[in-house]
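A structural walkthrough
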Amino acid sequence: MSSIGIIGAGNIGRAIATALAKNGIPATLSNSRGPDSLADIVAAIGPGITAGSRKEAAAKDIVFVAVNWSKLPAALADLPDFGSRIVVDTNNPIEAPLFKPFDLGGRASSEVFADMAPSARVVKAFNHLQPHLVAGDPASEGGKRVLFYSGDDAGAKAEIGALIDRLGFAGIDLGSLAVGARLVQFPGGPLPALNLVRFG
Ligand SMILES: NC(=O)c1ccc[n+]([C@@H]2O[C@H](COP(=O)([O-])OP(=O)(O)OC[C@H]3O[C@@H](n4cnc5c(N)ncnc54)[C@H](OP(=O)(O)O)[C@@H]3O)[C@@H](O)[C@H]2O)c1
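What this report covers is the structure whose coordinates are included nearby. (Residues numbered from 1 in each chain as written. Predicted model: local features only at pLDDT ≥ 70, side-chain atom pairs only at ≥ 80, totals over all residues. Heavy atoms only, no water.)

In an α-helix, one turn spans 3.6 residues, which is why side chains three or four residues apart end up on the same side. If you check which residues of helix α5 (residues 109-116) are buried, you get S109, S110, V112 and F113. For α5, the arc enclosing every buried residue in end-on projection is 155°, short of the 170-degree limit, so these residues lie on one face. Buried residues along α5 sit against β4 (62-65), α4 (72-75), β5 (86-89), β6 (121-125) and α8 (177-184). (Buried < 20%, exposed > 50% of the residue type's maximum accessible area, 1.4 Å probe, protein only. Helix = DSSP H or I, 4+ residues; strand = E, 2+ residues; numbered from the N terminus. Arc of directions from axis to C-beta. Contact = heavy atoms within 4.5 Å.)

Pasting the structure below:
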């Protein structure tokens with residue numbers, strides 16, 4: 001099975017780690033302050049989730065990045081080449097406290113993100129729901145909560161789609177980054193914050 005690292009241990013990073021832990025999937029969680037600062041957090045999330053450095057998390061087969069937009073350049077700086085490994089962009093180009101959208105020059109935020117993770121196979125996912133819905137039970141209303149994903153590499157998307165299924169969500173492939181990532185982009189896309197359920 002692919003190893004998993006998470007860069008960013010805030011609301012979304014911890015929610016992803018929680019979803020993985022509930023399904024017995026190990027992962028390395030990291031932040032900017034180092035593994036010692038995460039000892040209590042990983043203990044609370046559960047077995048299989050370990051604290052690591054940013055570089056340790058970035059060395060895994062699948063690397064989730066869940067960092068405030070303005071911090072992405074630092075979070076992705078000075079890392080070894082991703083060498084076609086999968087990097088999941090969970091990020092939105094807006095930040096507290098001002099909630100002023102960043103200027104992306106008309107591009108999808110994931111296209112801008114992909115430039116910061118050269119050679120990675122970027123998949124956009126886990127960015128459109130509130131953290132408690134990512135961490136919570138994906139079974140809802142007799143169906144499964146929907147998680148969207150998009151990307152330009154079919155193999156990477158298939159792997160993230162399979163992981164989403166394994167977590168108990170209903171994955172929906174929205175196509176390429178230029179198309180799908182724009183649909184789930186917050187702000188601007190029509191899909192973020194929709195808590196959808198698929199039946200059957
Ligand atoms: N919160 C939501 O409702 C939500 C929903 C969907 C998507 N998102 C997106 O998910 C991303 C994360 O949001 P969040 O709410 O989880 O943010 P958050 O709670 O503020 O957490 C941000 C995390 O990023 C880490 N970080 C910052 N700079 C870093 C660096 N250079 N290296 C490694 N880690 C670094 C921080 O670590 P330190 O504390 O150690 O600096 C912290 O653990 C954002 O892009 C956001 O738009 C958020």
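Once that is clear, we can look at unusual backbone geometry. That bond from A96 to P97 is cis: its omega, 5°, falls within 30 degrees of zero. Along the polypeptide, P97 turns up in the loop between β5 and α5. Cis peptide bonds are those with omega within 30 degrees of zero, and the linkage from F186 to P187 qualifies with 5°. Position of P187 among the secondary structure elements: in the loop between α8 and β10 (197-198). Positive phi outside glycine occurs at F126, with the angle close to 60°. Topologically, F126 is positioned in the loop between β6 and α6 (131-135). Positive phi values are uncommon outside glycine, yet A193 reaches one of about 75°.

On to the pairing of strand β8 (residues 143-151), then. β8 sits mainly inside the fold: eight of its nine residues count as buried. Summarising the sheet, β6 and β8 pair through three bridges and their orientation is antiparallel. By the bridge assignment for β8, A125 is matched with Y149. Judged from the two bridges that link them, strand β7 (residues 139-140) and β8 form a sheet pairing that is antiparallel. Opposite S140, over in β8, you have G143 as the bridge partner. Joining the antiparallel neighbours β7 and β8 is a turn of two residues, in which E141 adopts a positive phi near 55°. (Pairing = 2+ DSSP bridges.)

The full set close to the ligand counts 22 residues, and A9, I12, S32, R33 and V67 are the nearest of them. At 2.8 Å, a backbone N or O of A9 approaches an oxygen atom of the ligand. V67 is positioned with one of its backbone polar atoms (N or O) 2.8 Å from an oxygen atom of the ligand. Contact with the protein chains removes 79% of the 900 Å² of surface that the ligand exposes when unbound. For the shell around the ligand, the secondary-structure elements that each account for two or more residues are α1 (11-22) and α4. (Near = heavy atom within 4 Å. Polar contact = N/O pair within 3.5 Å; in protein donor to acceptor, adjacent residues only side chain to side chain. Areas by Shrake-Rupley, 256 points an atom, 1.4 Å probe, with all protein chains shown as cover.)

A word on the side chain of S150. Mapping S150 onto the fold places it in strand β8. A residue is classified by how much of its surface remains accessible, and S150, at 0% relative accessible area, is buried. Within the local environment of S150, its side chain forms a polar contact with the backbone nitrogen of A181, the two atoms lying 3.2 Å apart.

For α8, every residue scored as buried is listed here: L177, G180, A181 and V184. For α8, the angular spread of the buried residues around the axis is 95°, confining them to a single face. Of the surrounding secondary structure, the elements contacted by the buried residues of α8 are α5, β6 and β8.

No statement about biological role is implied by the geometric values presented.
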